[in-house]
Amino acid sequence: QVQLVESGGGLVQPGGSLRLSCAASGSILSIYAMGWYRRAPGKQRELVAGITSGGSTNYAGSVKGRFTISRDNAKKTVYLQMNSLKPDDTAVYYCNVRGILDSDASFDYWGQGTQVTVSS
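Residues numbered from 1 in each chain as written. Predicted model: local features only at pLDDT ≥ 70, side-chain atom pairs only at ≥ 80, totals over all residues. Heavy atoms only, no water.

### Overview of the pairing of strand 11 (residues 114–118)
When a strand is regular, its side chains alternate between the sheet's two faces.
So, point 1. Taking every second residue as pointing to the same face, the buried face of strand 11 carries Thr114, Val116 and Val118, while none of Gln115 and Thr117 on the other face is buried.
So, point 2. Where strand 2 (residues 10–12) and strand 11 come together, three bridges link them in parallel fashion. Pairing of Val12 across the sheet is with Val118, part of strand 11. (Buried < 20%, exposed > 50% of the residue type's maximum accessible area, 1.4 Å probe, protein only. Helix = DSSP H or I, 4+ residues; strand = E, 2+ residues; numbered from the N terminus. Pairing = 2+ DSSP bridges.)

So this is what it looks like as structure tokens:
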């Protein structure tokens with residue numbers, strides 16, 4: 001009922017930038033929260049950044065000032081601009097979207113994940 005397509009991961013040198021995108025489609029009535037999570041090797045999944053329908057944002061302390069989350073409500077797309085990347089940012093990044101379906105049921109979906117590798 002909901003499809004999420006992520007893009008934008010890859011290999012980048014320390015200090016470089018990447019922009020992740022996650023586009024939602026399907027029987028969506030409304031989206032109230034979108035976010036990015038990551039799982040590094042040997043670690044638990046952690047929240048990187050989140051954004052509400054009203055545009056309120058929150059960030060993990062480790063990425064504040066370097067990463068920026070944004071959304072395009074018309075395109076049902078969430079973005080994560082990542083600057084000044086560090087090797088510790090290496091992880092699989094997942095988008096998460098929560099909202100209401102046309103059927104009035106709530107939904108909570110995850111993207112397939114995109115690998116971000118920061119290495120020289």
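Having seen it, we continue.
### Some points on the pairing of strand 3 (residues 18–26)
So, point 1. Bridge analysis of strand 1 (residues 2–7) against strand 3 gives six bridges, and the strand direction is antiparallel. The residue of strand 3 that forms the bridge with Glu6 is Cys22.
So, point 2. Two strands pair when backbone bridges link them, and strand 3 and strand 8 (residues 77–82) are joined in this way by six bridges, in the antiparallel orientation. By the bridge assignment, Leu18 is partnered in strand 8 with Met82.

### Section: the sheet that holds strand 3
Adjacent strands of a sheet pair through backbone hydrogen bonds, lying either parallel or antiparallel.
So, point 1. Taken in spatial order, the four strands make up an open sheet running 1-3-8-7, and their pairing is antiparallel. Two strands close off the open sheet at either side, each with one partner strand: strand 1 and strand 7 (67–72). For this sheet, the mean inter-axis angle between neighbouring strands, taken without regard to orientation, is 15°. (Axes fitted to C-alpha atoms, helices over the stretch in contact; angles between N-to-C directions.)

### Looking at the side chain of Arg66
So, point 1. Residue position: Arg66 is located in the loop between strand 6 (57–59) and strand 7.
So, point 2. On the basis of relative accessibility, which here comes to 11%, the residue Arg66 falls in the buried class.
So, point 3. Not counting the four nearest positions on each side in its chain, Arg66 is found in contact with Gln81, Met82, Asn83, Ser84, Leu85, Lys86 and Asp89. (Contact = heavy atoms within 4.5 Å.)

### So, the pattern of salt bridges
So, point 1. With the rule as written, the count across this model stands at three salt bridges.
So, point 2. Between Arg38 and Glu46 there is a salt bridge, with the nearest N and O atoms lying 2.7 Å from each other.
So, point 3. On the basis of relative accessible area, Arg38 is assigned to the buried category, the value being 6%.
So, point 4. Among the residues examined, Glu46 registers a relative accessible area of 33% and is labelled partly exposed.
So, point 5. A salt bridge links Arg38 to Asp89, with the nearest nitrogen and oxygen atoms 3.0 Å apart. Separated by 51 residues along the polypeptide, Arg38 in strand 4 (residues 28–39) and Asp89 in the loop between strand 8 and strand 9 (91–101) bring together distant segments of the chain.
So, point 6. By sharing partners, the salt bridges in this structure join Arg38, Glu46, Arg66 and Asp89 into a single network. (Salt bridge = Lys/Arg side-chain N within 4 Å of Asp/Glu carboxyl O.)

Honestly, it's all geometry; don't read function into it.
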